[in-house]
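Here is what each chain is made of, one letter per residue.
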Amino acid sequence: MEERRYRSASGAPIALRRRQHSASCRELAVRGPRLQLRSLSALTSAVWLAAYGLFVLSQNSMVLSAAIFITLVGLIIYLHFVKIDQESLLVIGSLGIQVTSSYASGKESTTFIEMGQVKDVVINEAIHMQKVIYYLCILLQDPGDPQGVAEVVPLFQSSKPRLDCLIEVYRSCQEILEQRKTAPQSSGIK
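Account for the overall build of the protein, with residues named and values stated.
The helix and strand inventory of the protein stands at three helices and nine strands. Taken from the N to the C terminus, the helices and strands of the protein come in the order β-β-β-α-α-β-β-β-β-β-β-α. Taking 2.2 N^0.38 as the reference for a compact globule, 190 residues should give roughly 16 Å; the C-alpha atoms of the protein span a radius of gyration of 22 Å, well beyond that estimate. Its C-alpha atoms give the protein principal-axis dimensions of about 85 × 40 × 35 Å. Considering the protein as a whole, with its 190 residues, one finds that 31% of them fall into the buried category.

Structure, rendered in structure tokens:
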């Protein structure tokens, strides 16, 4: 297992872990920055101090109860549905590509794309807030048109790695895709 440090499009530190299980199976995982206890504590304290100030002015204890309840529910929603700690890509040449997002709460969301549906893996660019950002995406074949693209599946949407990290992931994916393209041809020659 190999781990390298990179930066995201916003400048936050991220780590790319690369694990090769076999010649045609690789796992690439991008881990974003962990949830900082200091920022979480500061935000919680600010909300509760504001609620305490409203309590002093209004003398209504429901303000404090509501602030505590809203903070706790908001934190649970943030950890379970928003904050992604790691995004991984498992590329298996003979089967397909598995995309997994691991949330801070421990929840995982997994999508599997059969290799027969994969047309290519490409690095695309987009303009966002007067900046050019790059992202990796999987092009899915159109069943009706072999030359067409039915869907574009973007990868690493939460961590948003910079181009240097995306190039390494792209090369790993392309090596396996090339093996898949040349394997049927070499077995037919025998």
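So what's going on with the pattern of salt bridges? Which residues, and what values?
The full count for this structure, using the stated rule, is six salt bridges. A salt bridge links Arg 4 to Glu 168, with the shortest nitrogen-to-oxygen separation between them at 2.8 Å. Highlighted residues: Arg 4 in strand β1 (residues 2-7) and Glu 168 in helix α3 (residues 163-189), separated in sequence by 164 residues. Residue Glu 168 is classed as buried on the basis of its relative accessible area, which comes to 12%. For the salt bridge of Arg 19 with Glu 27, the shortest nitrogen-to-oxygen distance reads 3.9 Å. Of the residues examined, Arg 19 reaches a relative accessible area of 33% and is grouped as partly exposed.

How would you explain the pairing of strand β5 (residues 96-103) if you had to name every residue and give the values?
Buried residues dominate β5, accounting for seven of its eight residues. When strand β4 (residues 84-92) meets β5, the two strands line up antiparallel, connected through eight bridges. For Gln 86, the partnering residue across the bridge sits in β5 and is Ser 102. Here β4 hands over to β5 after three residues, the two strands then running antiparallel side by side. The sheet contact formed by β5 and strand β6 (residues 108-114) spans seven bridges and is antiparallel. Within the sheet, the bridge partner assigned to Thr 100 lies in β6 and is Thr 110.

So what's going on with the state of the cysteines? Which residues, and what values?
Throughout the structure, instances matching the rule amount to zero disulfides. No disulfide involves Cys 137; its nearest neighbouring cysteine sulfur is the one of Cys 173, lying 11 Å away.

The rules behind each value
Residues numbered from 1 in each chain as written. Predicted model: local features only at pLDDT ≥ 70, side-chain atom pairs only at ≥ 80, totals over all residues. Heavy atoms only, no water. Helix = DSSP H or I, 4+ residues; strand = E, 2+ residues; numbered from the N terminus. Rg over C-alpha atoms; globule rule 2.2 N^0.38 Å. Buried < 20%, exposed > 50% of the residue type's maximum accessible area, 1.4 Å probe, protein only. Salt bridge = Lys/Arg side-chain N within 4 Å of Asp/Glu carboxyl O. Pairing = 2+ DSSP bridges. Disulfide = S-S within 2.5 Å.

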